[in-house]
Structure formats: C-alpha cells, structure tokens
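Residue-level listing of the chains:
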Amino acid sequence: MLTRMRILHATYRAALAVLLLVLPLSKVLARGHLYGALDNEELLACEDLFWNGQSAQAAACYNRLYSPEQPPLVRAEALWARGNLQGANSQFQLAIEASPDDPIVRVRWGELFMDTYQFSEAYTLFAEALELDPANAWGHIGAASALSEGGDPEVLNQHLNAVMHEDLGLAEGARLRAMIMVIRSLLRDDRYEQAQLSLDEAFEWAEEHALPLMELNALQASHAFMMRQDYQPFIEASLQEAPNYGDAWFIPGYFATVIRRYKEAVDFFSEAVSLQPNHWEAQVYLGQNLLRLNRINEAIAHINTSYEGNAFNPMTVNLMRLLDNFTSDFVSISYPDPPEGPLPELILRLGQDEKAVLDKYARQLSEDSIAVYKERYRLDPKEPIIVEIYPNHEDFIVRSIGMPGVGLLGVTFGYLFAMDSPTAHPEQKYHWGTTLWHEMAHVFTLGVTENLVPRWVSEGISVFEEWRTGPIPGRKIPTDVLQAMAEDKFLPIAKLDDGFMRPEYSGQVIVSYMQSGLVFEFIDLEYGFDKIVDMLYMFNDGLSPVEAIEKSLGISDSDFDRHFKQFIDIEYGPLLGSLPVWMEDMNASYSALREEQWEEAAAAAERAIFTYPEYVEVDSPYIVLARANKELGNADAEFEALQSFWKNGGYLPNALLALADHYLEQENNPLAEEVLEDANWADPFLEELHVKLGDLYIETNRPELAIEEFEVLLALDPLDKAAANYRLANAWYALDNAEKSMEYLMTALDIAPQYRPAQKLLLELSRISN
C-alpha cells in the first residue's frame, strides 16, 4: 500500500502562501476540462457553471464544496479551482490516506503537479496510479502528458497507444485527450493533412460520446490559421460552448508562434487575456511575444502579471530574471544618430560591459549586411532593425525561447534578432560575424514574406549568404555532413523541412542546414540569383516550396532533385570517394602532432590538404602543417600554410594573428591589415589583436583608426594599462590634440612613472607647449 506523503517542492511553497491563497470571490482559476475523469455530481455542477461562463456562481459553488461533509478529493478539486494550490495539495495528501487504493486520486494529484510544472513528480504519481491499476486510462494519459515535457518518447508513445488502441473501459474522455495530444504534435510538426484527419476523427469521437468540443474547435482554428484559412468560425464555436474559455484564443496563439507569426500571436494572446485575465500562461506568452516585437514595457507588464498569478511557470521565472538583466545591464545605441528620417535604421542592444568593444564592429557588420541585402532582396526595411548581442548564452536562449539549455547561436523574430556574443563562447570555433550575417539574412527573408517563408528556405538562404557574401566567404561543410553526403542522406526537396522539424538521426539538423545552403548555391549557379528572390516573393501568394520551384525554375521537384544530385556528384563526388583516406590522414596528422613528430605531422597534413584543400574549420590540416613547420624552423612553409588557411576562409584567431605577423615582417601592411580586420569578426576580445591593428594604423598614418582600436584595447582592461594609455596618447598626439594626448599620457605615467616611451612623449609635449 502506497502511503508516502508529499509536499510541493520547497522552492514553491513560499510563493504559494503569498500568491495563490484564494482568487477574488468572483474568479475561478483557469485549468483543464475534466473530460469525465471524476463523477462527483456536486463537483461537476460547479464545473458546468464555470464552463457555461457563470464564473461568480461557479466560485460560490466551489466555496460550498470546501466542507467537512465532502471527501478530501472533492475538497482538493474545489481549492484547486479557486487557486489555493497549497491547500489543494494538502487535501490530496488526505485523499491518499482516505483512499490509498484509488488510482484516480493519484492521477488528479499528478495533474496538480503538472499545473505547477513539476513534471517529474507528476510522472511519479501517474506511475503509482498505474501500479494500482495498469489499465487506468487516466494514468496513461497523465504519464504521456508528463513525458511530453521532456521524457522518453518511446515510453510516451507506449502510454498513448494504451489509451488509443486498447480497451481500457469507460474512459472516452481519456481517449479524446490522447487524440488531442496527437493533433498538437502533428500541428507542431507541420503535418497538416494528418492533423486534419485526426481532428475529424476526434470530432466524431467527441460527438459520439457527448464530450466537450471547445478544445477541438481551438485546435481546428489553429489548423485553419496555419493553412491561411478562415479560423474565426472555430473560435466562435469554442466560445459558444464555453464563453470564458481563454484557450479558444491561446491555442491558436501558441501555434502562431510555432510558425513564427509573432505579430498574429500577440493578437491571439491579447484576446485570451482580455477574455480570461487569470490565464497566467497566456499572460507570459503575450509578454514573450511582445518582447519579440520590441514592445518592452508592455511585455514587462504582462510577464509581471503572469508571475504574480503563478510563480511556478519556469518560463515566467526565467523571463523575470532576464528582464532584471535586460533593463540594467544592456544599453541601446541607434544609428544613424540623429536618424535621417523619423526612425533610426539600426539599433544595437549590447551588454554594458561589452559596448566599448563590440559597438564599432557590430555596427559596421550590421550596416554592411543591410546594404547588401537591401539590394539583393529588393526590400527597404519598414522598421528599425534591432540587433541584440548577449554575453551570457543562457540569457540569449531565454530571450529566444523562454527556457535555457538549448544550443542555438542566433534567433530572428522579424526586424529583431538576438545572438550570442563572442564571450558567450570562449572556444575559438564560434564566429560571431558569420552568425550576425546569417541572422540579418533572416530579417530580409522574413520581411519579404511577412514571416511566411518556410523554415528550410529561410535557413538555406542564410547559409548561402554566409558562403557567398559573408565576412568569411566560401563553403564550410563539416565532416559529418560530408559523411551524410557519402551515405546519400540528403532529402528530396519536397521533404527537406522534415530534416529540421522531424530529424530521424543525430546531426540531421546540421545536415539539413548544409543541404539547404547547397540547394540555393545550385539555383544561383544554374538559374541565377534572381530566381531565388522570385521564389521568395511567391510565398506571399501561398505557394509551397515545390510549387515555387516549379513556377520559378520551370521544372518538377523530381527533376530538381535529379539535377541537384548531379551538382553534388560533380562538386563533391571525388572528395566523397576519398573521404575515408582523408579522415585517416587527418587523424594521422593530429596524432603525430600530439607526439611532436613534426615531419610525420606535416606529411600527413599535406596529404589531407591535397585531398580537401577547402577544409578550414578549427581542426584544419593547415593548422597542423603550420605548427609542424614552425617547430621544424621552416618559416616560409609555416607562412604558406597560414596564408592558404586564411585565403580558403579559415578564421581561427590565433592563426590569423600569426599570419599577420608574417605579413608585417614582410612589410606587407595591406594584407596584414586585412587579416587583422578579419580576426575581429572571429574574436574582438583579444588584446593582442587591437595592439597589432592599432600600431599598424599608426605606422600607416591613420591615427583616427588607431584611436578606435586602442580605446577597445583599454576597454578590455589589459594587464599593461600603462602601454595602452601611452598608445592612445601617441595617437592623439599624431592628430595634434595635445590636450587629449596629455590626458592619457599622465594616466600612463601615474601607472608606470619610469615608462620610457611615455617620458619621451612628455618631453615632446612640453617642448610644444613652451
């Protein structure tokens, strides 16, 4: 007999005591329909009052149920409906003691934990219910619901199948809930045809068993919206059945976010909270999507409202923490300043501590990319483009999707995108300049199509633009994608979205990114870039990608697949055939490098380069070859390896700095400058980079540019502050600004009074002043 006692997690108890005692007398908490899980007639009478829109009468009804005459389970349900979750939790404990062998008590207690986002604890309760009654349909649907929040998909499907396909007795409502879970999953995966078939089946089942239809109508409205059909009749039908049913608007709003229709999502969520102000989930989703539209103050108000009503929601808590940092630790800079029209063209939102480092480079790259994309995609932005760069990766992820723990680099919502700063990724493989260029392309593809562009098309164009116009042009194909090519894992064009939405193997998403980029590389080379732009504009008319290809290129999707396969075979066939040998040479080069066998390392690296000279990721054989030749004293060979690495698109910052040193030794200042400027797109937080670039600007008589680099250097809080201040003093001196020069010079001498270069400059300034 299971009699273990539980309390809600300690983190939440204090919040419950303050925030969730009892709602105002006329209010009832928004919670899911019972769908027949309970049969207490007095409780069902209160439920009927609520769903019929009689909130005040329902509240009074629930209050009457909190009576010693009622069993603890009914008292728990009444308190739950009135918003007293702590009290409901206590009553469920008593209900377990009173009916230890009744699985439905554990099921309903589990549903309370689901409402407080404690999914693991909820699943434990559902599992205990199934131990008592393995055929309990409500236990199965509860377990499936808990697992849908991050559990084992195979076990989830076992629970769903038990409800959908086995005879579990009189549990028609549980089966309807299982159908609804399937429909939601199909809509999230863009499987609209299957979703409609499942909706039809669910409507038939619900009508046959006299079950409520309002959630199905909300899902049908979502389907209609996603298919660009009239959704309003289904929302009206939902509200006719349940006049205060905020989910009639919330559910379509949620699915609007799934297809990146954030403006429409805000409209849906606004209707939801207007109808049902205590729909706390709608409040936070409204706040999140207002943030995506840069309506910051409105967003803060709704997120605060959500937190005041339900402090359990982790997305609400995370957004509250983000907003604390967002309002205090970030600064916004508008360009041009003042604006040439009513609004600026660009707004950078940077961390306070990183503004002095990133401002110049983020502005330059943003303005360059905007200029390129305006011309290429025939679009003048209607609003300022907002670029947010986050020094903390988890803050960026919360900003993007509300929850931490996801490996994204950038997310675009429309005219606003957020991305990681270089400091969020201390490893040198992150290239923030490429991320910014990629996300800016999304701004334009979303803008051209009013956010209607299919996922794979938008991602493919962004990858294509990285390769074609970005700060490090040239294709960058990871080795696992090459392996997928060799195994013929590229998808037909008609199913390319599946690789993003429904990956079937580890790494398929990145394979789909690369395939999508190569698709547009092929279209550009074979048909011309204008065809890509023409296709984009066709999505405004409701065409699918296959239809757009057929109309724009004049070929069927099957012919396109065949021609694209020929393109891949021509471009990569020889390499793919040699891939095992190349990988052996790569492994041999690094093995020899680790063993400090420099000649063997160089030989293996040269073989790998001969097979695949375009491979310039951070583990490129060029890096091995350069290091081995340096150790062997072959400076010219080291230089050649580094130069080839850079010219093929390599971006490892330390390698670029070493190459710049070679160019400086050769007095090739123009190429040294180009290499150092490229290094800024990889990692502008390197002190050595700004020393070298600033000194080069001084040497080439461009002190105004040197000042910018030395100011960045000083902002990095360098170890040698005296030298940094001296460099600034010297640059201002070159601009004949004695006052500014003296300011930095005295700071340098305060730090290091015996610093000889500063003393010499002081003498020079003294002679001038005399």
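Before any of the text, the structure's been laid out above.
**Digging into the pattern of salt bridges**
Following the criterion strictly, the structure yields 36 salt bridges and no others. In this structure, the salt-bridge partner of glutamate 631 is arginine 627, at a minimum N-O distance of 3.2 Å. In this pair, glutamate 631 and arginine 627 are both assigned in helix H31 (residues 621-631), 4 residues apart and thus about one turn of the helix distant. Residue glutamate 631 is classed as partly exposed on the basis of its relative accessible area, which comes to 39%. Its relative accessible area of 38% is what places arginine 627 among the partly exposed residues. In this structure, glutamate 688 engages lysine 692 in a salt bridge whose closest nitrogen and oxygen atoms are separated by 3.3 Å. Pair noted here: glutamate 688 and lysine 692 are both in helix H35 (residues 687-699), with a separation of 4 residues, about one helical turn. Here the salt bridges share partners, and the residues they tie into one network are Arg468, Arg475, Glu521, Asp524 and Glu571.

**What about the packing of aromatic side chains?**
For the structure on display, the rule yields 41 aromatic pairs. Both rings, one in phenylalanine 250 and one in phenylalanine 269, keep their centres 5.4 Å apart while their planes meet at 40°; by these two values the pair is tilted. Of this pair, phenylalanine 250 sits in helix H14 (residues 247-258) while phenylalanine 269 is found in helix H15 (residues 262-275), placing the two residues 19 residues apart along the sequence. Aromatic rings pair up to connect Tyr373, Tyr377, Trp437, Phe444, Phe464 and Phe529 into one cluster. Across from the ring centre of tryptophan 80, 4.8 Å away, lies the NZ or CZ of arginine 31, which sits over that ring. For the cation-ring pair, lysine 489 lies above tyrosine 505, with the distance from its terminal atom to the ring centre recorded as 4.3 Å.

**So, the packing of helix H23 (residues 479-486) against helix H28 (residues 557-577)**
Following both chains from N to C, one finds H23 and H28 inclined at 105°, their axes separated by 10 Å at the closest point. With respect to H28, the axis of H23 lies roughly perpendicular. Here Leu482, Met485 and Ala486 of H23 lie close against H28, whose contacting residues are Ile568, Tyr572, Leu575 and Leu576. Each residue belonging to the contact of H23 with H28 can be placed in one class, and the counts come to 7 nonpolar, no polar and no charged.

**Some details on a negative patch on the surface**
The grouping of Asp200, Glu201, Glu204, Glu207 and Glu208 at the surface amounts to a negative patch. Mapping glutamate 204 onto the fold places it in helix H11 (residues 192-208).

**Quick word on helix H17 (residues 296-309)**
Between its first and last C-alpha atoms H17 spans 20 Å; for 14 residues at 1.5 Å apiece the expected length is 20 Å, and the two agree. Residues Ile296, Ala299, Ile303, Ser306 and Gly309 constitute the buried set of H17. Seen along its axis, H17 keeps its buried residues to an arc of 160°; they face one direction. Away from the buried face of H17 by more than 90 degrees, exposed residues Asn297 and Glu308 are located. Those residues of H17 hidden inside the fold are in contact with helix H16 (280-292), helix H18 (314-329) and strand S2 (346-351).

**Concerning the side chain of asparagine 451**
With respect to the secondary-structure elements, asparagine 451 resides in the loop between helix H21 (432-449) and helix H22 (455-469). Setting aside residues up to four positions removed in sequence, asparagine 451 forms contacts with Ile259, Arg260, Arg261, Tyr262, Phe413, Gly414 and Leu446.

**Some remarks on the sheet that holds strand S5 (residues 416-420)**
With mixed pairing, 5 strands are arranged side by side in an open sheet as S1-S2-S3-S5-S4. Across the chains shown, the open sheet's two edge strands, defined by having one partner strand only, are strand S1 (330-335) and strand S4 (410-412). With direction set aside, neighbouring strand axes in the sheet form an average angle of 15°. As paired strands, S2 and strand S3 (residues 385-390) are joined by 5 bridges and run parallel to one another. Looking at the pairing, leucine 348 lines up with valine 387 of S3. Here helix H20 (residues 393-401) sits on the sheet in contact with S3, S4 and S5, set at roughly 155° to S5.

Thresholds, definitions, all that
Every chain begins its residue count from 1, and numbering advances along the sequence as written. Per-residue local features of the predicted model are confined to residues with pLDDT of at least 70, and side-chain atom pairs are confined, for both listing and counting, to 80 or more; whole-chain, interface and lining totals are unaffected and use all residues. Water and hydrogen atoms were dropped before computing side-chain values, which therefore reflect all heavy atoms in the structure. A pairing counts as a salt bridge when a side-chain nitrogen of Lys or Arg comes within 4 Å of a carboxyl oxygen of Asp or Glu. Secondary structure elements follow DSSP: runs of H or I of four or more residues count as helices, runs of E of two or more count as strands, with numbering from the N terminus. Relative accessibility under 20% of the residue-type maximum defines a buried residue, over 50% an exposed one, and the middle range a partly exposed one, all with a 1.4 Å probe and only protein chains included. Between 30 and 60 degrees the pair is tilted, below 30 it is stacked and above 60 it is edge-to-face, where a pair is any two Phe, Tyr or Trp rings, Trp via its six-membered ring, whose centres lie within 6.5 Å. Either the NZ atom of lysine or the CZ atom of arginine qualifies as a charge over a ring when it sits within 6 Å of the ring centre and within 35 degrees of the ring normal. For helices, the fitted line uses only the C-alpha atoms of the stretch in contact; every axis is such a line through C-alpha atoms, and the angle between N-to-C directions lies from 0 to 180 degrees. By the definition adopted for this analysis, an angle is roughly parallel if under 35 degrees, roughly antiparallel if over 145, roughly perpendicular if from 65 to 115, and oblique otherwise. For this analysis, residues touch if any pair of their heavy atoms sits within 4.5 Å. Classification convention: Asp, Glu, Lys, Arg as charged; Ala, Val, Leu, Ile, Met, Phe, Trp, Tyr, Cys, Pro as nonpolar; all other residues, Gly among them, as polar. Patch members must show over 30% relative accessible area and no salt bridge, and they are joined within 9 Å when carrying like charges or within 5 Å when they are nonpolar side chains of Val, Leu, Ile, Met, Phe, Trp or Tyr. Note on areas: Shrake-Rupley with a 1.4 Å probe; residue coverage comes only from the protein chains shown. Note that His is not counted, nor are the chain ends; the positive residues are Lys and Arg, and the negative ones are Asp and Glu. Charge positions come from single atoms, namely NZ of Lys, CZ of Arg, CG of Asp or CD of Glu. Helix span is expected to be 1.5 Å times the residue number reduced by one. The directions from the helix axis to the C-beta atoms are what the arc is built from. A pair of strands is labelled paired if DSSP reports no fewer than 2 bridges between them.

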